[in-house]
Structure formats: C-alpha cells, structure tokens
Amino acid sequence: MRILPVLCALLLLMLQGATGLSLARGFRQDCERRGGFCSHQSCPPGIGRVGLCSEQEFCCRMRWYP
C-alpha cells in the first residue's frame, strides 16, 4: 500500500512530461504567447521544439530545468 502514492506521483509526472513534448499545430501568435519564437526548418542548438508555426516552421523555446 505504500507504493500506491509513489505510482500515482510517477504517473502524474509522466503525463505532465508527455504534454510538454507534443508538437501542437498553431500560429505565430500562439507560439509567441507561449514564450517561444518561430524558426525555419529547425530550432537552434540547446532550444527545444514546443510546437509548429506552419508546415516548415517550428515553435522553439528555451527549456527551463529547475
């Protein structure tokens, strides 16, 4: 029974991480609202993809790790 809270916490962390990895299709304004910028074909090194601005542009944003 003590493992149940640990499993719930791990499940919540996995769900939270999975939502951050999805490449949601959007517009330039949506990307900028999320604190990102649109980049043609790929994001610069060290910057993560957080969405799509168009078919050829990715929404890129610096990932913050606590």
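So, here is what we can say about the structure in this document. As the structure is a computational prediction, the values presented were derived from the model and not from experiment. (Residues numbered from 1 in each chain as written. Predicted model: local features only at pLDDT ≥ 70, side-chain atom pairs only at ≥ 80, totals over all residues. Heavy atoms only, no water.)

**So, the overall build of the protein chain**
Turning to step 1, where the next piece is worked out: Secondary structure summary: the protein chain contains two helices and four strands in total.
Turning to step 2, where the next piece is worked out: Within the protein chain, the proportion of its 66 residues that are buried is 24%.
Turning to step 3, where the next piece is worked out: About 5,500 Å² of surface is accessible on the protein chain, with carbon and sulfur atoms providing 65% of the total. (Helix = DSSP H or I, 4+ residues; strand = E, 2+ residues; numbered from the N terminus. Buried < 20%, exposed > 50% of the residue type's maximum accessible area, 1.4 Å probe, protein only. Areas by Shrake-Rupley, 256 points an atom, 1.4 Å probe, with all protein chains shown as cover.)

**Here's the deal with the state of the cysteines**
Each disulfide is one covalent bond, formed between the sulfur atoms of two cysteines.
Turning to step 1, where the next piece is worked out: Enumeration over the complete set of coordinates arrives at three disulfides.
Turning to step 2, where the next piece is worked out: Sulfur-sulfur distance for the disulfide between Cys38 and Cys53 comes to 2.0 Å. The disulfide joining Cys38 to Cys53 has a torsion of about -85° about its S-S bond and is therefore left-handed. Residue Cys38 is located in strand S2 (residues 37-40), and its partner Cys53 is located in the loop between strand S3 (48-52) and strand S4 (57-61); the two are separated by 15 residues in the primary sequence. For the residue pair Cys38 and Cys53, the accessibility class agrees, reading buried in each case.
Turning to step 3, where the next piece is worked out: Paired through a disulfide, Cys43 and Cys60 show a sulfur-sulfur distance of 1.9 Å. The sign of the -85° torsion about the S-S bond sets the Cys43-Cys60 disulfide as left-handed. Within this pair, whereas Cys43 is found in the loop between S2 and S3, its partner Cys60 is found in strand S4, the two being separated by 17 residues in sequence.
Turning to step 4, where the next piece is worked out: A relative accessible area of 0% means that Cys60 is categorised as buried.
Turning to step 5, where the next piece is worked out: Counting its disulfide-bonded cysteines in sequence order, the protein chain shows a connectivity of 1-5, 2-4, 3-6. (Disulfide = S-S within 2.5 Å.)

Take it as geometry only, folks, not as evidence of what the structure does.
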